[in-house]
Amino acid sequence: MIVIGANSEVAIACIDEILASGKNFPEVFLFTSSKENSLRLVDHFFAKYEQACTVVEWDFTQSPNYSQIAHIQSDILICASGYLGKQPSESLENPEDISKIMDINYSGAVLLISHFASKMMKNRSGTIIGISSVAGERGRMTNFFYGSAKAGFTTFLDGLRNFLYPHQVHVITVKPGFMATKMTEGLNLPQALTASPKVAAKAIINAWKKKKNTVYILPIWRLIMFIIRNIPEFIFKKMKL
């Protein structure tokens, strides 16, 4: 199994959910820009499930070195990389933060997924699970840099699913709403609309088993985003969403 963004709480919960079900892999590859944190995960998963894991240090803000990962392939890939970034009012004058948002949420993820998608296509087998966001469904004043990157990632996953379908490779687009994670720590999130990593993991693994195409972690977000997408622009641009 390949896990991109392995230090994400949702990624960790997904690994736990899969291994707790009794499924085991020859090796789990943990892609991360923070090797030290992931080494603790290696010990955790071996102690709890006797699952061998290997940490692959990978920085989306740097040019990819594919020779480093040429030997790696798997029938299951989960991409949970994400970076919310600063508020747009701060990022407008901070091109480094804008680049980081785009690299982690879109361009870096697309390059790495495409590398492994090519291998799955040749093997005519596999599942790719990409965690995008409802933020990509309409640009909003509070997070349009992050939202635009996630919009691109959603479109990439949708097109990749269509492209890989004849090759027996399935692609799942996951659209979380509010998530109770370190990335959103400090934000005042409505409890009824906020999912925990464990709830997210259960929804993601269920979508994998049922071969769903797109899944909202909490179903209420499908209705919420339908409404948001259909608010007329002359009204929407006056709303502080």
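Values in this document were obtained by computation on a predicted structure and should not be read as measured data.

The next subject is the pairing of strand S6 (residues 169-175). S6 sits mainly inside the fold: 7 of its 7 residues count as buried. Side chains Val-169, Val-171, Thr-173 and Lys-175 of S6 all project onto a buried face; the interleaved residues His-170, Ile-172 and Val-174 project onto the opposite face, where all are buried too. Where strand S5 (residues 126-131) and S6 come together, 6 bridges link them in parallel fashion. Following the sheet pairing, Ile-128 is matched in S6 by Val-171. Remark: the S5/helix H5 (residues 144-164)/S6 crossover connection has right-handed handedness. The pairing of S6 with strand S9 (residues 214-216) spans 3 bridges and is classified as parallel. Along S9, the bridge assignment pairs Val-174 with Val-215.

The next thing to look at is the packing of aromatic side chains. Within this structure, the stated rule accounts for 7 aromatic pairs. An angle of 25 degrees between the planes, with centres 6.5 Å apart, marks the rings of Phe-45 and Tyr-49 as stacked. Here Phe-45 and its partner Tyr-49 are both found in helix H2 (residues 35-49), 4 residues apart, which amounts to about one turn of the helix. Each member of the pair, Phe-45 as well as Tyr-49, carries the same accessibility label: buried. Taking the centre distance of 6.4 Å and the plane angle of 40 degrees together, the rings of Trp-58 and Tyr-66 count as tilted. Positioned above the aromatic ring of Tyr-83 is the side chain of Lys-100, whose terminal nitrogen or guanidinium carbon lies 4.5 Å from the ring centre. Positioned over the ring face of Phe-236 is Arg-138, at 3.8 Å from the centre of the ring.

A word on the side chain of Lys-119. Secondary-structure assignment places Lys-119 in helix H4 (residues 95-123). For the buried Lys-119, which has no salt bridge, the nearest side chain bearing the opposite charge is Asp-75, at an N-O separation of 12 Å. Polar contacts involving the side chain of Lys-119 include one to the main-chain carbonyl oxygen of Ala-70, which spans 2.8 Å. In contact with Lys-119, other than residues within four places in its own chain, are Ile-69, Ala-70, His-71, Ile-72 and Gln-73.

With that settled, the discussion passes to the environment of Arg-140. In this fold, Arg-140 is placed in the loop between S5 and H5. We classify Arg-140 as buried; its relative accessible area is 19%. Along the primary structure Arg-140 and Ser-67 are separated by 73 residues, whereas in three dimensions their C-alpha atoms are 39 Å apart. Residues in contact with Arg-140, not counting those within four places in the same chain, are Ala-135, Phe-236 and Leu-241.

This paragraph deals with the nonpolar core. Ranked by size, the top nonpolar core spans 45 residues in total, and within it Met-1, Val-3, Leu-30, Ile-129, Val-174 and Ile-204 carry the most contacts. Residues within four places of Leu-30 in sequence aside, it is in contact with Val-3, Ala-6, Ile-15, Ser-38, Leu-41, Val-42, Cys-53, Thr-54, Val-55 and Val-56. Among the nonpolar cores identified, the runner-up in size contains 33 residues, and Val-56, Trp-58, Tyr-146 and Phe-156 belong to it.

A few words on the pairing of strand S2 (residues 28-32). Burial runs high along S2: 5 of the 5 residues are buried. By the alternation rule, side chains of S2 split into Val-28, Leu-30 and Thr-32 and Phe-29 and Phe-31, which are all buried. In terms of strand pairing, strand S1 (residues 2-4) meets S2 through 3 bridges, oriented parallel. Its bridge partner being in S2, Ile-2 is matched across the sheet by Phe-29.

Moving on: the packing of helix H1 (residues 9-20) against H2. As a packed pair, H1 and H2 sit with axes 11 Å apart at the nearest point and diverge in direction by 20 degrees. Relative to H2, the element H1 is oriented roughly parallel. Considering how the two elements wind past one another, H1 and H2 form a crossing that is right-handed. From H1, Ile-12, Ile-15, Asp-16, Leu-19 and Ala-20 reach across to H2, where they touch Leu-41, His-44, Phe-45, Lys-48 and Tyr-49. Classifying every residue of the contact of H1 with H2 by side-chain character gives 7 nonpolar, 1 polar and 2 charged.

The contact between H4 and H5 brings their axes to 8 Å, and the two run at 10 degrees. Put simply, H4 runs roughly parallel to H5. On H5, the residues that touch Ile-98, Ile-101, Met-102, Asn-105, Tyr-106, Ala-109, Val-110, Ile-113, Ser-114, Ala-117 and Met-121 of H4 are Phe-145, Tyr-146, Ser-148, Ala-149, Lys-150, Gly-152, Phe-153, Phe-156, Leu-160, Phe-163 and Leu-164.

About the thresholds
- Residues numbered from 1 in each chain as written.
- Predicted model: local features only at pLDDT ≥ 70, side-chain atom pairs only at ≥ 80, totals over all residues.
- Heavy atoms only, no water.
- Buried < 20%, exposed > 50% of the residue type's maximum accessible area, 1.4 Å probe, protein only.
- Helix = DSSP H or I, 4+ residues; strand = E, 2+ residues; numbered from the N terminus.
- Pairing = 2+ DSSP bridges.
- Right-handed = clockwise from strand over helix to strand, strands pointing away.
- Phe/Tyr/Trp six-rings, centres within 6.5 Å; stacked < 30°, edge-to-face > 60°.
- Lys NZ or Arg CZ within 6 Å of the ring centre and 35° of its normal.
- Lys, Arg positive; Asp, Glu negative; His and termini not counted.
- Salt bridge = Lys/Arg side-chain N within 4 Å of Asp/Glu carboxyl O.
- Polar contact = N/O pair within 3.5 Å; in protein donor to acceptor, adjacent residues only side chain to side chain.
- Contact = heavy atoms within 4.5 Å.
- Core = buried A, V, L, I, M, F, W, Y, C linked by side-chain atoms within 4.5 Å.
- Axes fitted to C-alpha atoms, helices over the stretch in contact; angles between N-to-C directions.
- Parallel < 35°, antiparallel > 145°, perpendicular 65-115°, else oblique.
- Left-handed = near helix turned anticlockwise from the far one by under 90°.
- Nonpolar A, V, L, I, M, F, W, Y, C, P; charged D, E, K, R; others polar.

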